[in-house]
Amino acid sequence: MNEPDSASTILTDDKAPVEVLGMHAIDQIIADEAGPYRQILKDEGFGGLLRAVQ
């Protein structure tokens, strides 16, 4: 029996419709949550971002 390795083993089909929909949903959630922080970073810089998350 051969030991599986990451080069020869595929554990998921990232092009399957359910995977694509899931990735899209997660991307949208992250974008929605990060939006306000992006604006703070743009307006107030890194220091403002640090103050906002404390």
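The structure under discussion appears in the preceding block.
> Where do I start with the overall build of the protein chain in this structure?
Counting secondary structure elements, the protein chain contains 1 helix and 0 strands. The burial tally for the protein chain puts 6% of its 54 residues in the buried class. Split by element, the accessible area of the protein chain, about 5000 Å² in all, is 60% carbon and sulfur.

> Help me out: how do you make sense of helix 1 (residues 17–53) in this one?
For an α-helix, the turn length of 3.6 residues means that residues three or four places apart are oriented alike. The terminal C-alpha atoms of helix 1, which comprises 37 residues, lie only 36 Å apart, well short of the 54 Å expected from a rise of 1.5 Å per residue. Of all the bends found along helix 1, the most pronounced is centred on E44 and spans about 130°.

> Honestly, a nonpolar patch on the surface in this entry has me stumped. Any pointers?
On the surface, Y37, L41, F46, L50 and V53 cluster together into a nonpolar patch covering about 490 Å² of accessible area. Considering the arrangement of structural elements, one finds L50 in helix 1.

What counts as what
- Residues numbered from 1 in each chain as written.
- Predicted model: local features only at pLDDT ≥ 70, side-chain atom pairs only at ≥ 80, totals over all residues.
- Heavy atoms only, no water.
- Helix = DSSP H or I, 4+ residues; strand = E, 2+ residues; numbered from the N terminus.
- Buried < 20%, exposed > 50% of the residue type's maximum accessible area, 1.4 Å probe, protein only.
- Areas by Shrake-Rupley, 256 points an atom, 1.4 Å probe, with all protein chains shown as cover.
- Expected span 1.5 Å × (residues − 1).
- Bend = angle between axes of the 7 residues up to and from the residue.
- Patch = residues over 30% accessible without salt bridge, like charges linked within 9 Å, V, L, I, M, F, W, Y side chains within 5 Å.
- Salt bridge = Lys/Arg side-chain N within 4 Å of Asp/Glu carboxyl O.

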